[in-house]
Amino acid sequence: EIKGDNNPHRSVTLTLEFYHKNGSTRWLETIVSGIRNDQGVLTGFYGVSRDVTERRQAEEALRTSEEKYRTILENITEGYFESNTQGHFSFVNDAACAMTGYGREQLLKIHYREFTTPETKKRMEVAYRRVFQTGLPINLDDYEIVRQDGSIRTHQLSISLMKDAAGNKTGFRSVARDITEKKKAEEELRRSEQRIRALFENMPVPTLVWKGDQNKLILTEFNEAALQYTNGKIIEKAGKTPEEAFANTQHIAFDMHQCFALRSNIEKSFWFNDGGAHENKYVTIKYAFAPPDNVIMHIIDTTAQKRAEENLKYISVHDALTGLYNRFYSDAEITRISASRLRPVSFIVIDLNDLKMVNDRKGHAAGDLYIKNTAALLKQTFRPEDMIARVGGDEFIVMLPLVDENTCIQALERLKDNLARFNLDADQPISMAIGFATTHTGDNVNAVIAEADSMMYEEKARMKTALKTMAGG
């Protein structure tokens, strides 16, 4: 590298690279001058050299740093702007051009105020003034720029002060990020949360939200339906664990922890009482895991439906007048006993006397009372595990599981004693014909019942004969 010209009468400055004996590379700056005799004839040269390796390295490092700096600025997605203290741009990167819609040359000729909304212009003037006065960087959120095509975008801006080597304030550098889509997403999320909140508050189903906290679940939210369903008691349970909130129903806490641990939905139905004075309620509770750490609990009160189902089931197997089992249930139980190995089983067949006479003389209400008094007498006599059924207008059957002949006879004696006591003070004494039989292993159940039925009719015939004899005498 030669600095100067080729005039032989002048000195020449050379920058030369050479290798040091230790193997390193060094740079020398040499000034070469000619040596002339008295006649001015060039007879030789002399040179003065100095080591400029460090300066050369510093210059190279600076050049590399500037290239790296420019490369980074040109490739970042954020817009980068440098401006003087009056706000005119001196440098912008490609992202800044893309953000504003202006070309580089256009941006370098305009002021930042030329592509901002009036509101943003005021905010930026205040921000630049504060940065200049304090020397501290500042961030601007949600400021708007007007692109060259007239569209408005929302940006975030970071402004810092630039100084020269002497510490003089020379301008500003700004980094901008387009957050328009982010703001739209946040706004949509906000509206969505508002919609969800409105749905939550207006949902007719009592709903509770439990937040997972280490190994605990804490009640954090509940809707208006839950407030009404519990008559305001749910307020007392806010901030408590399910173990505390449902101390009398611990399986609720277990199901809730299962839902949280398995990240899956659980549904359970059961009779429930919260420990208050209210009657039991039949509820279906649905537990749903809601990421990242919530369990949503829906309480669906189906008490009326459950009671209707139970009432329908009761009606389907019970006699409406007496509350005893009906023929449908009786036949089903006899079929079940026939197929089982349960033995012995005794059967008592009963037929009321004089029901038609009571109906004819005193009316059907009296006849109904006659039947109901008989049912009450049978309930008084037999065990809870014995099946007592009204299988016809004046016909009853009693099935006694694991009762043999002797025990069955004892039960019949008890029935007769109860009947005698009832008839002592009854306006309408009860009269009945009774037959019984016991089935053992290998017996045909229906045949045994027919045997008891036959015995009952024989007794009924004897009672009629005896009554006629008494009447004739």
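## Considerations on the overall build of the protein chain
Next up, step 1: From N to C terminus, the protein chain includes 15 helices and 18 strands.
Next up, step 2: Since a compact globule built from 473 residues should have a radius of gyration of about 23 Å, the 52 Å found for the protein chain marks it as more spread out than a globular shape.
Next up, step 3: Judged by the C-alpha coordinates and their principal axes, the protein chain covers about 190 × 60 × 40 Å.
Next up, step 4: Looking at the protein chain as a whole, 36% of its 473 residues qualify as buried.

## Focus: the pairing of strand 6 (residues 89–92)
Next up, step 1: Across 3 bridges, the pairing between strand 5 (residues 79–84) and strand 6 is antiparallel. Residue Glu 82 lies in a different strand from strand 6, and its bridge partner there is Phe 91.
Next up, step 2: Remark: 4 residues form the turn of the hairpin made by strand 5 and strand 6, two consecutive strands paired antiparallel; Gly 87 in that turn has positive phi of roughly 95°.

## Let's talk about the environment of Ile 234
Next up, step 1: Among the secondary structure elements, Ile 234 is positioned in helix 7 (residues 234–237).
Next up, step 2: Between the C-alpha atoms of Ile 234 and Leu 377, which are 143 residues apart in sequence, the distance is 48 Å.
Next up, step 3: With residues up to four places along the chain from it excluded, the contact list for Ile 234 reads Leu 208, Leu 219, Phe 222, Ala 226 and Leu 227.

## A look at the sheet that holds strand 18 (residues 432–439)
Next up, step 1: Taken together, the 4 strands give an open sheet; going across it, the order is 16-17-15-18, and neighbouring strands pair in antiparallel fashion. A strand with exactly one partner marks an edge of an open sheet, and here the two such strands are strand 16 (387–390) and strand 18. Pairs of neighbouring strands in the sheet enclose a mean axial angle of 15°, with direction left out of account.

## Quick notes on the packing of aromatic side chains
Next up, step 1: Applying the stated criterion across every chain yields a total of 12 aromatic pairs.
Next up, step 2: Relative to Phe 246, the ring of Trp 210 lies with its centre 6.2 Å away and its plane at 45°, an arrangement referred to as tilted. Separated by 36 residues along the polypeptide, Trp 210 in strand 10 (residues 207–213) and Phe 246 in the loop between helix 8 (242–245) and helix 9 (250–262) bring together distant segments of the chain.
Next up, step 3: The buried category is assigned to Trp 210, whose relative accessible area is 0%.
Next up, step 4: Their ring planes at 80° and their centres at 6.3 Å tell us that Phe 270 and Phe 272 sit as a pair that is edge-to-face.

## Focus: helix 14 (residues 405–425)
Next up, step 1: Compared with an ideal rise of 1.5 Å per residue, which puts 21 residues at 30 Å, helix 14 spans 32 Å between its outermost C-alpha atoms and is within 8% of the ideal.
Next up, step 2: Buried within helix 14 we find Cys 408, Ala 411, Leu 412, Leu 415, Asn 418 and Leu 419. On an axial view of helix 14, the arc spanned by its buried residues comes to 125°, and they lie on one face. Of the exposed residues in helix 14, those oriented more than 90 degrees away from the buried face are Asn 406, Gln 410, Arg 421, Leu 424 and Asp 425.
Next up, step 3: Of the surrounding secondary structure, the elements contacted by the buried residues of helix 14 are strand 15 (345–352), helix 13 (364–381), strand 17 (395–401) and strand 18.

## Quick word on the packing of helix 13 against helix 14
Next up, step 1: Remark: helix 13 packs on helix 14, axes separated minimally by 9 Å, with the N-to-C direction vectors making an angle of 135°. Classified by the interaxial angle, the pair formed by helix 13 and helix 14 is oblique. You can see that helix 13 and helix 14 cross each other, and the crossing is right-handed. Across the interface between the two elements, Asn 373, Leu 377, Leu 378, Gln 380 and Thr 381 of helix 13 pack against Ala 411, Arg 414, Leu 415, Asn 418, Leu 419 and Phe 422 of helix 14.
Next up, step 2: Residues that form the contact of helix 13 with helix 14 fall into these classes: 6 nonpolar, 4 polar and 1 charged.

## Here's the deal with the sheet that holds strand 10
Next up, step 1: In spatial order, the strands read 11-10-14-13-12; together these 5 strands make up an open sheet with antiparallel pairing. With partners counted over all chains shown, the strands left at the sheet margins are strand 11 (216–222) and strand 12 (266–272), one partner each. Within the sheet, the average angular offset between the axes of one strand and its neighbour, ignoring direction, is 25°.
Next up, step 2: Here 6 bridges tie strand 10 to strand 11, and the two strands are oriented antiparallel to one another. Paired with Leu 208 across the two strands is Phe 222, which belongs to strand 11.
Next up, step 3: Of the strands in this sheet, strand 10 and strand 11 touch helix 5 (residues 180–202), which is tilted by about 90° from strand 11.
Next up, step 4: In this fold helix 9 packs onto strand 10, strand 11, strand 12, strand 13 (281–290) and strand 14 (294–301), with an angle of close to 25° to the strand it touches most, strand 13.

## Remarks on the pattern of salt bridges
Next up, step 1: The final tally for this structure, using the stated rule, is 23 salt bridges.
Next up, step 2: Residue Asp 142 is joined to Lys 183 by a salt bridge in which the shortest nitrogen-to-oxygen separation is 3.2 Å. Separated by 41 residues along the polypeptide, Asp 142 in strand 7 (residues 138–146) and Lys 183 in helix 5 bring together distant segments of the chain.
Next up, step 3: Judged by its relative accessible area of 29%, Lys 183 is partly exposed.
Next up, step 4: With a shortest N-O distance of 3.4 Å, Glu 181 and Arg 153 are connected by a salt bridge. Residue Glu 181 is located in helix 5, and its partner Arg 153 is located in strand 8 (residues 152–163); the two are separated by 28 residues in the primary sequence.

Reading guide: rules and limits
Residues numbered from 1 in each chain as written. Predicted model: local features only at pLDDT ≥ 70, side-chain atom pairs only at ≥ 80, totals over all residues. Heavy atoms only, no water. Helix = DSSP H or I, 4+ residues; strand = E, 2+ residues; numbered from the N terminus. Rg over C-alpha atoms; globule rule 2.2 N^0.38 Å. Buried < 20%, exposed > 50% of the residue type's maximum accessible area, 1.4 Å probe, protein only. Pairing = 2+ DSSP bridges. Contact = heavy atoms within 4.5 Å. Axes fitted to C-alpha atoms, helices over the stretch in contact; angles between N-to-C directions. Phe/Tyr/Trp six-rings, centres within 6.5 Å; stacked < 30°, edge-to-face > 60°. Expected span 1.5 Å × (residues − 1). Arc of directions from axis to C-beta. Parallel < 35°, antiparallel > 145°, perpendicular 65-115°, else oblique. Left-handed = near helix turned anticlockwise from the far one by under 90°. Nonpolar A, V, L, I, M, F, W, Y, C, P; charged D, E, K, R; others polar. Salt bridge = Lys/Arg side-chain N within 4 Å of Asp/Glu carboxyl O.

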